[in-house]
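The residues making up each chain are set out below.
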Amino acid sequence: MAEPAAWEAVDDFIAYAAGAAGLSPETVRAYDEHLGAFCRWCERHGTPALDPGVRGLRAYLGELSRAGYAPRTLAAHLSTIRGFFRWLVLEGVTQEDPASALMAPKVGRSLPHTLTAAQMDALIAAPDRSSAGGLRDACMLELLYATGARVSEAAGLTVGSFEDGSRLVRLFGKGSKERIVPLYRRAREAVDAYLERGRPELLLRSGGRAEDALFISDRGRAMNADALRYRFRRLAAAAGVPADITPHAMRHTFATDLLAGGADLRVVQELLGHASLSTTQIYTHLTPERLKAAVSQAHPRGA
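These numbers were taken from a predicted model, which means no experiment stands behind them.

Asker: So what exactly am I meant to see when it comes to the layout of surface pockets here?
Answerer: One simple way to see leftover space: roll a probe sized like a water molecule over the atoms. Of the volumes computed, that of the largest pocket is approximately 1600 Å³. Along the wall of the largest pocket there are 44 residues; nearest its centre are T27, R150, K174, H248 and T279. For the lining of the largest pocket, the per-class residue count stands at 15 nonpolar, 16 polar and 13 charged. In this structure, the second largest pocket encloses a volume near 390 Å³. Taken together, 24 residues make up the lining of the second largest pocket; nearest its centre are P25, S152, E153, G156 and F172. For the lining of the second largest pocket, the elements supplying multiple residues, two or more each, are α2 (25-45), α7 (151-155), β1 (168-172) and α9 (225-239). Its residues placed into classes, the lining of the second largest pocket shows 7 nonpolar, 10 polar and 7 charged.

Quick look at the structure:
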């Protein structure tokens, strides 16, 4: 039988992560899965989940490693456990933080997946814009590419996220941080077409029930991030885009294309909502020609 106190602490931590900490639904879901796996392991091995000690945590991570978990996944599990025990100490639930003594596995930094220009053109052309659902799908794709929004941010958009008569959209990212991102003309046109002709028809399918959410399903309900991912997969398959291309690849492509076009790295950082410039710098590895051109143009001996 599970330790009631441990499971209760996990539930309280998840509620804190979802509420006061303002973490994304995807992050909260991952925390819940990681801590659930940890607590179940503690049950099987007779280890107190709130006081596993350094040895207990090492044994748990060692079992994950032997099970074939990738270093990046191990690092994610350890990050969750660290956050959990830091919170336990702050809340006075425990006195010790055994996770602070553990070193995270070294994780190689992989380059993000991006779409080629041809793939992007095929994907954008995939929706049937003569239908209400097709207008919605076209709006979704144009917005993802125009703003670099995370799919969770796109799911959080409302009709009020767009300023009247302007090509600006208000996004809420991690920690509920707000940022305003400009739209290119075709993206704004796709939004207007959907709002005028697609969204009203979709809303009627729920019996006219009002919804603030921008994206409405074929059944007339607000769409969450998982629903948007499903539509993206269907559209990607129709466009012949590789299966490993996800909505997040649109965000990567947005950043890479801006840098390739000469945008300042700090501007891209602001548009993406990155807290650290180092997070944005990974995209410079995808644009070596742009960097070579900048050195050639700016360095005294670059010619």
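Asker: Even after reading the chapter, I still don't get the pattern of salt bridges, so can you show me in this structure?
Answerer: A side chain with one charge may pair with a side chain of the opposite charge, provided their charged atoms come close. By the definition in use, this model includes 13 salt bridges. The partner of R44 in a salt bridge is E63, and the shortest N-O contact between them spans 3.7 Å. Here the residue R44 occupies a position in helix α2, and E63 occupies one in helix α3 (residues 53-66), the gap between them amounting to 19 residues. Classification of R44 by relative accessible area gives exposed; the value is 57%. A salt bridge links R170 to E178; its shortest N-O distance comes to 3.4 Å.

Asker: Explain the nonpolar core here, please?
Answerer: Within soluble globular proteins, side chains that are nonpolar generally end up buried alongside one another. Residues L123, L143, F215 and F232 are the most contacted members of the largest nonpolar core, which totals 51 residues. Of all the secondary-structure elements, those providing two or more residues to this core are α5 (117-125), α6 (132-147), α7, β1, α8 (185-204), α9, α10 (247-260) and α11 (265-272). A total of 8 residues in this core trace back to one element, the largest contributor, which is α6. Not counting residues up to four positions away in its chain, the partners in contact with L143 are G148, L157, F162, L183, V191, L214 and F215. Membership of the second largest hydrophobic core comes to 28 residues, among which are A6, L35, L61 and F84.

Asker: How should I be thinking about the side chain of E142 in this particular structure?
Answerer: Among the secondary structure elements, E142 is positioned in helix α6. On the basis of relative accessible area, E142 is assigned to the buried category, the value being 5%. Apart from the residues within four sequence positions on either side, E142 is in contact with I124, R129, Y184, R186, A187 and A190.

Asker: I'm lost on α10 in this one. Help?
Answerer: Helical periodicity: at 3.6 residues per turn, an α-helix aligns residues three or four positions apart in one direction. In this model α10 runs 20 Å from its N-terminal to its C-terminal C-alpha over 14 residues, within 8% of the 20 Å that 1.5 Å per residue would give. Residues P247, A249, M250, R251, H252, T253, F254, A255, T256 and L259 constitute the buried set of α10. G262 lies just past α10 and shows a positive phi near 105°.

About the criteria used
Residues numbered from 1 in each chain as written. Predicted model: local features only at pLDDT ≥ 70, side-chain atom pairs only at ≥ 80, totals over all residues. Heavy atoms only, no water. 1 Å grid on protein atoms, 1.4 Å probe; cavity = no way out; pocket = protein on both sides within 12 Å on 5 of 7 lines; lining within 4 Å. Points joined across faces, edges and corners; volume = space filled by probe spheres on them. Nonpolar A, V, L, I, M, F, W, Y, C, P; charged D, E, K, R; others polar. Helix = DSSP H or I, 4+ residues; strand = E, 2+ residues; numbered from the N terminus. Salt bridge = Lys/Arg side-chain N within 4 Å of Asp/Glu carboxyl O. Buried < 20%, exposed > 50% of the residue type's maximum accessible area, 1.4 Å probe, protein only. Core = buried A, V, L, I, M, F, W, Y, C linked by side-chain atoms within 4.5 Å. Contact = heavy atoms within 4.5 Å. Expected span 1.5 Å × (residues − 1).

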